[in-house]
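Single-letter residue listing:
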Amino acid sequence: MPGTLVIAEVIDGSVSPASFELLGAARKLADEGAGPVAAFVAGGDAQAQELIAHGADTVYTSSADPSSLAEVLLPAVDAAIEQSGATIVLIAQSSLGRDLGPLLAFKHNTGVAMDSTEVKVENGRLRATRSAYGGNARAEHTWKSDPQIATLKAKSHDPLEADSSRSGDIKAIDAVGEARIRVLSTEKAESTGIRLEDAPIVVAGGRGLGDASGFELLEQLAGTLPSAAVAASRAACDLGWFPPALQVGLTGKTVSPNVYIAVAISGASQHMAGMAGSKNVVSINKDADANMVKVSKFAVIEDYKKIIPALIEEIKKLG
Ligand SMILES: Cc1cc2nc3c(=O)[nH]c(=O)nc-3n(C[C@H](O)[C@H](O)[C@H](O)COP(=O)(O)OP(=O)(O)OC[C@H]3O[C@@H](n4cnc5c(N)ncnc54)[C@H](O)[C@@H]3O)c2cc1C
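Residues numbered from 1 in each chain as written. Predicted model: local features only at pLDDT ≥ 70, side-chain atom pairs only at ≥ 80, totals over all residues.

As for the overall build of the protein chain
Within the protein chain one finds nine helices and 17 strands. Expected size for 319 residues packed as a compact globule is a radius of gyration near 20 Å; at 21 Å, the protein chain falls within 12% of this value. Reported as C-alpha extents along the three principal axes, the dimensions of the protein chain are approximately 65 × 40 × 40 Å. Relative to its 319 residues, the protein chain shows a buried fraction of 46%. The contacts in the protein chain between residues at least 6 apart in sequence include a share of 65% that link residues at least 24 apart. (Helix = DSSP H or I, 4+ residues; strand = E, 2+ residues; numbered from the N terminus. Rg over C-alpha atoms; globule rule 2.2 N^0.38 Å. Buried ≥ 20, exposed ≤ 12 C-beta atoms within 10 Å, placed from the backbone. Contact = placed C-beta atoms within 7 Å.)

In structure tokens form, the structure reads like this:
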């Protein structure tokens, strides 16, 4: 097969972690017979070298502003598809990906599988899996035409370890499109502490906490653990108890920590969609039959108000 093109993104001068995840997925496709891995980046040689170290064989660079809108990048991306001969295009499910995926698909009269959680090569063609019917089913997509375009959900694929001894080609593309939209301003979401997606321990709370004060207790617990972040189910966010930006699940963030402590969360399929990759799940729930309890390595069947303060005390004793 003629190969895969990864659309990499640059944030604050560095290649985004999601771009390395795309390269991890593209290398897996290469092992399955998809051919060489190319990357496109609105960036320079430094970013191209980072992409090569993480698995790209060839990198197409563009001098366009890395924060450019999809329609500005489109001609350069198109040129990269043509020059690389790629029949598969992988894009992050980012704000750029949400625009670029459909734009590219429309231009090439092909389809795009948005927010895919798995990609593989079957019978020489791409097969992408994504969630359907509100997380209650999994849909599998294949393409009749090329390029086969998929956007990938963050954290659905592992990046490769950087290998600075890898070598590859870097080719500049100078095509630039015209923007019909003008961005007046951008605002960065405020955050303190470790990023939820990067935390090795996540303490998540659900509707069973009863009210917003339950999250104060979870913050205290997270404070006693090394590099822990607090998250919430959608039910808790919808009730206004915790910021929606920290919601885990199908319509929230995807996390894959070493330990996921689910406090008063039932384990609906839409919540599981965001934390199923956790290495160890610990539940604190009053209901022994809750779905979350069933998928847990350890579960405490009790009122969280009794367990969490006692747990905090015990952890403090460990120093
Ligand atoms: C299209 C769609 C997208 C969705 N996306 C998401 C998403 O991204 N993320 C998400 O989380 N949900 C999502 N949902 C909602 C999802 O279906 C569930 O409604 C939601 O996850 C339930 O949240 P919960 O587990 O906190 O609440 P509940 O299901 O009400 O569970 C509360 C749990 O707390 C336990 N409990 C109660 N009191 C205590 C106590 N004192 N001590 C210990 N345990 C206690 C109960 O036994 C129960 O297990 C989505 C739904 C749809 C239709």
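Re the domain arrangement of the protein chain
When the domains of the protein chain are assigned, the result is domain 1 (4-173) and domain 2 (196-317). The C-alpha-based centres of domain 1 and domain 2 are spaced at 32 Å. Residue-level contacts link eight residues of domain 1 with nine residues of domain 2. Among the residues forming the side of domain 1 that touches domain 2, the class breakdown is one nonpolar, five polar and two charged. (Domains from an automatic or database assignment. Nonpolar A, V, L, I, M, F, W, Y, C, P; charged D, E, K, R; others polar.)

Some remarks on the pairing of strand β9 (residues 125-132)
In this structure, strand β8 (residues 118-122) lies alongside β9, joined through five bridges in antiparallel fashion. The partner of Lys120 across the bridge, within β9, is Arg127. Here β8 hands over to β9 after two residues, with Asn123 in that stretch at a positive phi of 50 degrees. The pairing of β9 with strand β10 (residues 137-141) spans five bridges and is classified as antiparallel. Bridge pairing in β10 places Ser131 opposite Arg138. Where β9 folds back on β10, the antiparallel hairpin that results is connected by four residues, among which Tyr133 adopts a positive phi of roughly 50 degrees. (Pairing = 2+ DSSP bridges.)

Here we look at the site of the ligand
Of all residues adjacent to the ligand, which total 29 residues, the nearest are Gly206, Gly208, Ser233, Arg234 and Gly249. Those elements giving two or more residues to the shell around the ligand turn out to be α6 (234-238), α7 (269-275) and β16 (280-285). Across the shell around the ligand, the residue classes break down as ten nonpolar, 14 polar and five charged. (Near = placed C-beta within 6 Å.)

With respect to helix α1 (residues 17-34)
Turning to α1, its buried residues number three or more, namely Ala18, Ser19, Phe20, Glu21, Leu22, Leu23, Ala25, Ala26, Arg27, Lys28, Leu29 and Ala34. Trailing α1 by a residue or two, Gly35 shows a phi angle of about 95 degrees, which is positive.

Considerations on the nonpolar core
Grouped together as the largest cluster of nonpolar side chains are 57 residues, with contacts concentrated most on Val6, Ala39, Phe40, Leu51, Val77, Val89 and Leu90. Sorting elements by how many residues they give to this core places α1 first, with eight residues. If sequence neighbours within four positions are ignored, Leu51 has contacts with Ala8, Val15, Leu23, Ala39, Val41, Ala56 and Val59. Counting 41 residues, the second largest nonpolar core, distinct from the first, contains Ala204, Ala228, Trp241 and Ala290. (Core = buried A, V, L, I, M, F, W, Y, C linked by C-beta atoms within 7 Å.)

A look at helix α2 (residues 45-53)
Where α2 is concerned, the buried positions are Gln47, Ala48, Glu50, Leu51, Ile52 and Ala53. Where α2 is buried, its residues touch β2 (10-11), β3 (14-15), α1, β4 (37-42), β5 (58-62) and β12 (169-173). Taken from the residues just after α2, Gly55 is the one with a positive phi, measuring 125 degrees.

Here's the deal with the environment of Ile265
Position of Ile265 among the secondary structure elements: in the loop between β15 (259-263) and α7. Here Ile265 falls in the buried class, since 31 other C-beta atoms lie within 10 Å of it. Residues Ile265 and Asp287 lie 22 residues apart in sequence; the distance between their C-alpha atoms is 9.9 Å. Dropping the residues within four chain positions of it, Ile265 is found in contact with Ala204, Gly206, Ser233, His271 and Met292.

Section: the packing of helix α3 (residues 70-84) against helix α4 (residues 95-108)
Orientation of α3 relative to α4, taken along the N-to-C sense of each, is 55 degrees, at an axis distance of 10 Å. Overall, the two elements α3 and α4 adopt an arrangement that is oblique. α4 is crossed by α3, and the crossing has right-handed handedness. In this structure, α3 uses Ala70, Glu71, Leu73, Leu74 and Val77 to contact α4, whose residues at the interface are Leu96, Asp99, Leu100, Leu103 and Leu104. Looking at the contact of α3 with α4 residue by residue, the classes come out as eight nonpolar, no polar and two charged. (Axes fitted to C-alpha atoms, helices over the stretch in contact; angles between N-to-C directions. Parallel < 35°, antiparallel > 145°, perpendicular 65-115°, else oblique. Left-handed = near helix turned anticlockwise from the far one by under 90°.)

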